[in-house]
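Here is what each chain is made of, one letter per residue.
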Amino acid sequence: MSSWQFCFLSDQYYIDFPDKNLMKNKEFVYGQFIDRPCFFAFKDVQNPDIMWLIPISSKYDKYKNIYDKNVKRYGKCTIIRFGEVLGRQAAFLIQNMCPATEKYIREVYVDKNNVPINIDNRIIHDVMTNAKDVLGKVNRGTKLIFPDVLNIKKSLLLQLESAKNEDSNETPT
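Before going into details, it helps to say that this report is about the structure given with it. (Residues numbered from 1 in each chain as written. Predicted model: local features only at pLDDT ≥ 70, side-chain atom pairs only at ≥ 80, totals over all residues. Heavy atoms only, no water.)

1. Things to note about the pattern of salt bridges
Scanning the model with the defined rule gives 6 salt bridges in all. For K64, the salt bridge goes to D68, with nearest N and O atoms at 2.8 Å. Residue K64 and its partner D68 are both found in helix α2 (residues 60-74); the two are separated by 4 residues, about one turn of the helix. A residue is classified by how much of its surface remains accessible, and K64, at 26% relative accessible area, is partly exposed. Relative accessible area serves as the criterion here: at 33%, D68 is assigned to the partly exposed category. (Salt bridge = Lys/Arg side-chain N within 4 Å of Asp/Glu carboxyl O. Helix = DSSP H or I, 4+ residues; strand = E, 2+ residues; numbered from the N terminus. Buried < 20%, exposed > 50% of the residue type's maximum accessible area, 1.4 Å probe, protein only.)

Below, the structure is given as structure tokens:
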């Protein structure tokens, strides 16, 4: 995985981490289930085996209103950011982000030419800077993210440690 990408989570993630505050994995549209949401993913600073996934939404107006209310009330808003994805305005929902590992990434989001989606570096910088700021506050006890990301991350770290121990205990044949 590169330092960032767009991706979709596997159904297994929602089975292993049944947090009611995670954004739903599938949406029923025009008589069929489609993948939702797409996530902007970037590597954790302390442990690169952990990725932080920020859902993106095409409901720009809805989240712009929430953003504006936060700015009016607090003077700023770091839990929602905006940028263009595939020629459309999108909201990056830091308030709904969650940690994951490669095990739970079902696929990378690609365009019609099978090329991974790309966005402006200024958007990447803005989203990642705000997400890291929010994570710092969450680590110090402030509740800014809906899912219980600290417990999910703890479980993921235990999974990684267990897998590492299994690998080191295997005897070569």
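2. What about the nonpolar core?
Core analysis: the largest hydrophobic core is formed by 51 residues, its most contacted members being F6, L9, Y13, F40, L53 and F92. In terms of residue count, helix α3 (residues 121-139) provides more of this core than any other element does, 8 residues in total. In contact with F40, not counting residues within four places along its chain, are W4, Q5, F6, W52, L53, I54, I56, F92, I119, I124, V127 and M128. (Core = buried A, V, L, I, M, F, W, Y, C linked by side-chain atoms within 4.5 Å. Contact = heavy atoms within 4.5 Å.)

3. Here we look at unusual backbone geometry
Glycine aside, residues mostly have negative phi, and peptide bonds are mostly found in the trans state. The phi angle at L86 is positive, at roughly 55 degrees, despite the residue not being glycine. Within the element layout of this structure, L86 appears in the loop between β6 (80-85) and β7 (88-93). Of note in this structure, N114 is not a glycine but carries a positive phi near 65 degrees. Its location among the elements puts N114 in the loop between β9 (105-108) and α3.

4. Thoughts on the side chain of S57
Note that S57 resides in strand β5 (residues 51-57). A polar contact is formed between the side chain of S57 and the backbone nitrogen of K59, at a distance of 3.0 Å. Beyond its immediate stretch of four places on either side in the chain, S57 contacts Y63, Q89, A90, A91 and L93. (Polar contact = N/O pair within 3.5 Å; in protein donor to acceptor, adjacent residues only side chain to side chain.)

5. A word on the packing of aromatic side chains
Scanning all chains against the criterion turns up 13 aromatic pairs. Taken together, a centroid distance of 5.1 Å and an interplanar angle of 65 degrees make the contact between Y60 and F82 edge-to-face. Of the two residues, Y60 is situated in helix α2 and F82 in strand β6; the sequence distance between them amounts to 22 residues. Looking at F82, the relative accessible area reads 19%, which means it is buried. Linked through ring pairs, W4, F6, F40, F42 and F92 together constitute an aromatic cluster. (Phe/Tyr/Trp six-rings, centres within 6.5 Å; stacked < 30°, edge-to-face > 60°.)

6. Thoughts on the pairing of β5
Extensive coverage of β5 is indicated by the burial of 7 of its 7 residues. Side chains M51, L53, P55 and S57 of β5 all project onto a buried face; the interleaved residues W52, I54 and I56 project onto the opposite face, where all are buried too. Pairing geometry for strand β4 (residues 38-43) and β5, over 6 bridges, is antiparallel. Bridge pairing in β5 links F39 to P55. As paired elements, β5 and strand β8 (residues 98-100) share 3 bridges and run antiparallel to each other. Bridge assignment links W52 to a residue of β8, and that residue is P99. In terms of strand pairing, β5 meets β7 through 2 bridges, oriented antiparallel. (Pairing = 2+ DSSP bridges.)

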